[in-house]
Amino acid sequence: MSLLKIKNSSCFHQVRVSGGNENEYIPCPKCGGMVERDRVVKLKYICYDCGYNFRVKTPNRISMVADKGTFEAWFEGMQISNPLEFAGYEEKVLEARERTGLDEALTVGRCKVFGEPAVIGICDSRFMMASMGHTVGEKLTLAIERAIRERLPVFVFCCSGGARMQEGIVSLMQMAKTSGAVSRLKEAGLLYCTILTDPTTGGVTASFAMLGDVIMAEPGALIGFAGPRVIRQTIGEELPEGFQTSEFLLQHGLIDGIVERRNLKKTIYFMIKSHKSVEGNYSDFDETDVEYKISELVKERMHYSTPKTPWEKVRGVRQATRPQGLDYIEYIFDVFIEAHGDRAFNDDESIVGGIGFIGNQPVTVISEDRGKNPKDYKKKNFGMPLPEGYRKALRLMKQAEQFNRPVICFVNTPGAYPGIEAEERGIGESIAKNLMGMSELTVPILCILVGEGGSGGALATAVGNEVWMLENATYSILSPEGFASILWKDSNRAKEASEVMKITANDLFELRVIEKIIPEYGGADEVTKEAIGKNLKKEICFFLEKYRGMSKEKIREERYKRFRNF
């Protein structure tokens, strides 16, 4: 015989089964199933049937990410603010305090994450839907100001229904106040990272939630400015499935990535470590990080290889089997985490960007990508970036400058995408902004042409302190077919054009357009990509070592003079 009862205070069902054992069940809001509470808790409050991320109480969130016993709450016990003297508001806040055990909708404080100190803020939807009033805005601002004084990174778990209506215009002012505080944190060169949870809407979305140097989100979270109900009521439109979800924002380039709860703590630790470099320290690795030996098979390939003609190189770099930047990244960096989006429109997959580590040295990595199969080719426009791709690259490079990370670019594109949508979204402007932005950066930039380098679309990620080419790569003002068509009115003379355009690594080394030629050990392919990648790692380390202790001004001036001489 079993007995079912409902505990309203905690919204879970308890089932007593024969033998005296008790299992607690909670309803999943997404799939509607009854799931065992203990199993859900062990999975970090995730439904084991459908993957739904349950909303998490503040103490549980702290235990997910903070080292045990290290969290120290700040700015507790603040007085209730009722600027409009709204009837019943203070009682409502007191009731929320009693019910949740929280001081306010936002809890802030200091903790350690795998031993690294950080400031964390946690919004809790149980407290008046985590709406932002004066106290929430004040606590976040005070926490940021203290983080600046103590030189600590800030991580905020965002969740909110929007502004605290009972506080009227004073609530609205918190958007500007918290945004100003975030600006000061960034001016101090400190990391500000937000993790968007379900739901994040209204004034919080339109202020501190979307201002992170890094913006992550939990799977399936509702994220938007105007909530779905408001949109329907205001403009009468039905919303598509998946609208205003984490996945929707990722696709549209508005967040860096989606993070699973099982990876939250490790991800926060990675962010702390990758955003704490200091000026002049660009080579935090040792000799054991870059050791490698060429295999006997590769040596044999080298022995029997013969030089290629320019036209053979043109055709070779266009082959789908030729390794690309991402193939070499695997052998160069001990770890690489991708970041997505231009924060405005889309995530162009033809340009991949993120942070990699060589030893203890964080590096911002940009790599153009053509894809490996017909499906990939279409998604990535055959490696031809759209404006949002260039804007993503520049966003990540500017972030690298803010946190003193060197930049490594792997160039491999026939050129910028020539379609209507590219012109509508400002392809020329985006390339120009990249050229100027890279010229201004005060950290070392290394650009490596690993395949085809076509026109301004390639140059947009190739403004480096040094530019290298793989042995059989090409770099040209435009394709040989285009050159022949424009000058000789005959694209069939492309082979002849390739001979006179001086587009090979040897030609460009003689012209001093590039500083170094990287050997391909008989030709870049599946057999040689490991050797090429490991050799690149060694050469990259030598490059970074040269900039140890160099001032920002000198790094930028060196790059300016390099291009000034052409």
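Keep in mind the model is a prediction, meaning the values are calculated, not measured. (Residues numbered from 1 in each chain as written. Predicted model: local features only at pLDDT ≥ 70, side-chain atom pairs only at ≥ 80, totals over all residues. Heavy atoms only, no water.)

Points about a nonpolar patch on the surface
This is how it is decided: In this analysis, a patch consists of residues with relative accessible area above 30% that form no salt bridge, clustered at 9 Å for like charges and at 5 Å for the nonpolar side chains Val, Leu, Ile, Met, Phe, Trp and Tyr. Computed by Shrake-Rupley with a 1.4 Å probe, the accessible areas treat only the displayed protein chains as cover when residues are assessed. Salt bridges are defined as contacts in which a side-chain nitrogen from Lys or Arg sits within 4 Å of a carboxyl oxygen from Asp or Glu. What counts as a helix is a DSSP run of H or I of at least four residues, what counts as a strand is a run of E of at least two, and both are numbered from the N terminus.
A cluster of nonpolar side chains, contributed by Ile169, Leu172 and Met173, occupies part of the molecular surface with about 290 Å² of accessible area. Examined against the element boundaries, Met173 turns out to sit in helix 5 (residues 168-187).

Considering the packing of helix 2 (residues 58-65) against helix 9 (residues 264-274)
To keep it simple, the criterion reads: Geometry is summarised by axes, namely lines fitted to C-alpha atoms with helices restricted to the contacting stretch, and by angles between N-to-C directions that run from 0 to 180 degrees. By definition in this entry, angles of less than 35 degrees are roughly parallel, angles greater than 145 are roughly antiparallel, angles of 65 to 115 are roughly perpendicular, and the rest are oblique. In this analysis, two residues are considered to be in contact whenever any of their non-hydrogen atoms come within 4.5 Å of each other. Residue polarity is assigned by list, with Asp, Glu, Lys and Arg as charged and Ala, Val, Leu, Ile, Met, Phe, Trp, Tyr, Cys and Pro as nonpolar; anything else, Gly included, falls into the polar class.
Contact geometry for helix 2 and helix 9: axes closest at 7 Å, N-to-C directions at 60°. On the basis of the axis angle, helix 2 is oblique to helix 9. On helix 9, the residues that touch Arg61, Met64 and Val65 of helix 2 are Leu264, Lys265 and Ile268. For the contact of helix 2 with helix 9, the per-class residue count stands at four nonpolar, no polar and two charged.

A look at the state of the cysteines
This is how it is decided: Our working definition of a disulfide is a cysteine sulfur pair at a distance within 2.5 Å.
Scanning the entire structure with this criterion turns up zero disulfides. With no disulfide partner, Cys409 has as its closest neighbouring cysteine sulfur the one in Cys447, 4.5 Å distant.

Side note on the nonpolar core
The cut-off we apply is this: Here, the term nonpolar core denotes a set of buried Ala, Val, Leu, Ile, Met, Phe, Trp, Tyr and Cys residues that are joined through side-chain atoms within 4.5 Å. The classification of residues rests on relative accessible area computed with a 1.4 Å probe and restricted to protein chains. Under 20% of the type maximum is buried, over 50% is exposed, and intermediate values are partly exposed.
The biggest cluster of nonpolar side chains holds 62 residues, and the ones touching the most others in it are Phe333, Phe410, Ile448, Leu470, Leu536 and Ile540. For Leu536, the contacting residues outside a window of four places in its chain are Tyr328, Ile332, Ile448, Trp468, Leu470 and Ile518. Ala130, Leu196, Ala209 and Leu249 belong to the second largest nonpolar core, which has 40 residues in total.

Considerations on unusual backbone geometry
The linkage connecting Asp198 with the following residue, Pro199, adopts the cis geometry, with an omega of -10°. Of note, Glu85 is a non-glycine position whose phi angle comes to about 50°, a positive value. With respect to the helices and strands, Glu85 occurs in the loop between strand 5 (72-74) and helix 3 (89-100). Judged by relative accessible area, which is 71%, Glu85 ranks as exposed. Non-glycine residue Lys502 carries a positive phi angle of around 55°.

Focus: the packing of aromatic side chains
The cut-off we apply is this: In summary, the pairing rule links any two rings of Phe, Tyr or Trp, Trp by its six-membered ring, whose centres are within 6.5 Å, and it sorts them by plane angle into stacked for under 30 degrees, edge-to-face for over 60 and tilted for everything else. The criterion for a charge sitting over a ring is simple: Lys NZ or Arg CZ within 6 Å of the ring centre, and within 35 degrees of the ring normal.
Tallied over the entire structure, the rule returns ten aromatic pairs. An angle of 85° between the planes, with centres 6.2 Å apart, marks the rings of Trp468 and Phe543 as edge-to-face. Taken together, the positions of Trp468 in strand 17 (residues 466-470) and Phe543 in helix 21 (residues 529-546) put the pair 75 residues apart, joining distant regions of the chain. Here Trp468 matches Phe543 in class, with each residue buried. Feature note: the residues Trp468, Phe543 and Tyr547 constitute an aromatic cluster, connected by ring pairs. Sitting above the plane of the Trp74 ring, Arg146 keeps its charged end 3.9 Å from the centroid. Seen from the ring of Trp488, Arg493 lies directly overhead, with NZ or CZ sitting 4.1 Å from the centre.

Some remarks on the pattern of salt bridges
All told, the structure shown has 42 salt bridges when counted by the stated rule. Between Glu218 and Arg261 there is a salt bridge, and its shortest N-O distance comes to 2.8 Å. Taken together, the positions of Glu218 in the loop between strand 10 (214-217) and helix 7 (228-235) and Arg261 in the loop between strand 11 (257-258) and helix 9 put the pair 43 residues apart, joining distant regions of the chain. Note on accessibility: Glu218 and Arg261 belong to one class, buried. In this structure, Lys529 and Glu526 form a salt bridge, with 3.2 Å as the shortest nitrogen-oxygen distance.

Focus: helix 22 (residues 552-564)
To keep it simple, the criterion reads: Helix span is expected to be 1.5 Å times the residue number reduced by one. As used here, the arc belongs to the directions running from the helix axis to the C-beta atoms.
Relative to the 18 Å expected for 13 residues at 1.5 Å per residue, helix 22 spans 18 Å between its end C-alpha atoms, a close match to the ideal helical length. Among the residues of helix 22, Ile555, Arg559 and Arg562 are the ones counted as buried. Within helix 22, the buried residues cover an arc of 55° as seen down the axis, which keeps them to one side. Across from the buried face of helix 22, at angles greater than 90 degrees, the exposed residues are Glu553, Lys554, Tyr560 and Arg564. Turning to helix 22, the residues buried within the fold contact helix 16 (427-440), strand 16 (445-454) and strand 17.

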